[in-house]
Amino acid sequence: MFSKILVPVDLSLADETHKLLAKAKTLSEQWGSEVHVVTVIPNVGMPIVGSYMDASFEAKAMSETEAELTRQIAASGLAAQHYVLTGTVYDRVIALSNKLDVDLLLIAAHQPDLKDYLLGSNAARLVRHSHKSVLVLRD
């Protein structure tokens, strides 16, 4: 049904990541899909914030995140390409989905907080702004 799937994960939510990767594995086996997994590290942003971080902070964060993403994918038994990006989650995921020309974004969504109703969560923004099909897995 879908030949190329992009799965954005938040590694700080281990249970959600595990469920999402398990579902990606099931779907990719059923459909014979190629899977890509991405996680996005927020950038330091304003120079005043960055000035409190040493020069190796970003490289260390990327390296640790890469190792954890690799570990999570291996633990799930999923065969996937993986990416660690920096920036705004929904912008980077949409850009990568377009670059890879995926057919489907497989995302997780949890019960929204009040702030998500007012501002919109990353999942909601991906659903609203992506030109790709989006499958949202709810808890």
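Use the structure listed above.
Residues numbered from 1 in each chain as written. Predicted model: local features only at pLDDT ≥ 70, side-chain atom pairs only at ≥ 80, totals over all residues. Heavy atoms only, no water.

## Details of the overall build of the protein
Right, so step 1: Counting its regular elements, the protein contains 6 helices and 5 strands.
Right, so step 2: Listing every helix and strand of the protein by position from the N terminus yields β-α-β-α-α-β-α-β-α-α-β.
Right, so step 3: Classification of the 139 residues of the protein by burial places 37% in the buried group.
Right, so step 4: Looking at the protein alone, contacts between residues at least 24 apart form 76% of all its contacts between residues at least 6 apart.
Right, so step 5: For the protein, the computed accessible surface area is about 8300 Å², with 55% contributed by carbon and sulfur atoms. (Helix = DSSP H or I, 4+ residues; strand = E, 2+ residues; numbered from the N terminus. Buried < 20%, exposed > 50% of the residue type's maximum accessible area, 1.4 Å probe, protein only. Contact = heavy atoms within 4.5 Å. Areas by Shrake-Rupley, 256 points an atom, 1.4 Å probe, with all protein chains shown as cover.)

## Let's talk about the side chain of Ser33
Right, so step 1: Tracing the backbone shows Ser33 in the loop between helix H1 (14–31) and strand E2 (34–41).
Right, so step 2: Exposure remark for Ser33: the relative accessible area of 13% places this residue in the buried category.
Right, so step 3: Contacts of Ser33, omitting those with residues within four sequence positions, involve Phe2, Ser3, Ile5, Leu27 and Ser28.

## A word on the pairing of strand E1 (residues 4–8)
Consecutive side chains along a regular strand alternate between the two faces of the sheet.
Right, so step 1: Buried residues dominate E1, accounting for 4 of its 5 residues.
Right, so step 2: Two strands pair when backbone bridges link them, and E1 and E2 are joined in this way by 5 bridges, in the parallel orientation. Opposite Pro8, over in E2, you have Val38 as the bridge partner.
Right, so step 3: Taken together, E1, H1 and E2 form a β-α-β motif whose crossover is right-handed.
Right, so step 4: Here 2 bridges tie E1 to strand E4 (residues 104–109), and the two strands are oriented parallel to one another. Within E4, the position partnered with Ile5 by the bridge is Leu104. (Pairing = 2+ DSSP bridges. Right-handed = clockwise from strand over helix to strand, strands pointing away.)

## Remarks on the pattern of salt bridges
Right, so step 1: For the structure on display, the rule yields 3 salt bridges.
Right, so step 2: Note that Arg71 and Glu68 form a salt bridge whose closest N and O atoms lie 2.9 Å from each other. With Arg71 and Glu68 both in helix H3 (residues 57–76) and 3 residues apart, the pair spans about one turn of that helix.
Right, so step 3: Here Arg71 falls in the partly exposed class, since its relative accessible area comes to 47%.
Right, so step 4: With its nearest N and O atoms 3.2 Å apart, the salt bridge here joins Lys132 to Asp101. Of this pair, Lys132 sits in the loop between helix H6 (122–129) and strand E5 (133–138) while Asp101 is found in the loop between helix H4 (89–100) and E4, placing the two residues 31 residues apart along the sequence. (Salt bridge = Lys/Arg side-chain N within 4 Å of Asp/Glu carboxyl O.)

## Re the packing of H4 against H6
Right, so step 1: One way to put it is that H4 packs onto H6 with a least axis distance of 9 Å and a crossing angle of 40°. Taken together, the axis directions place H4 and H6 in an arrangement best described as oblique. The two elements H4 and H6 cross, and the hand of that crossing is right-handed. For the pair formed by H4 and H6, the contact residues are Val89, Tyr90, Val93 and Ile94 on the first element and Asn122, Arg125, Leu126 and His129 on the second.
Right, so step 2: Among the residues forming the contact of H4 with H6, the class breakdown is 5 nonpolar, 2 polar and 1 charged. (Axes fitted to C-alpha atoms, helices over the stretch in contact; angles between N-to-C directions. Parallel < 35°, antiparallel > 145°, perpendicular 65-115°, else oblique. Left-handed = near helix turned anticlockwise from the far one by under 90°. Nonpolar A, V, L, I, M, F, W, Y, C, P; charged D, E, K, R; others polar.)

## Describing the packing of H1 against H3
To characterise two packed helices, one gives the angle between the axes of the helices and the distance between these axes.
Right, so step 1: H3 packs onto H1 with a crossing angle of 50° between their chain directions and a minimal axis gap of 9 Å. As far as their axial angle goes, H3 and H1 are oblique. Once H1 is placed against H3, the crossing between them reads as right-handed. Two secondary-structure elements touch here, H1 through Thr17, Leu21 and Lys25 and H3 through Gln72, Ile73 and Ser76.
Right, so step 2: Considering only residue class, the contact of H1 with H3 consists of 2 nonpolar, 3 polar and 1 charged.

Structural measurements only, silent on function.
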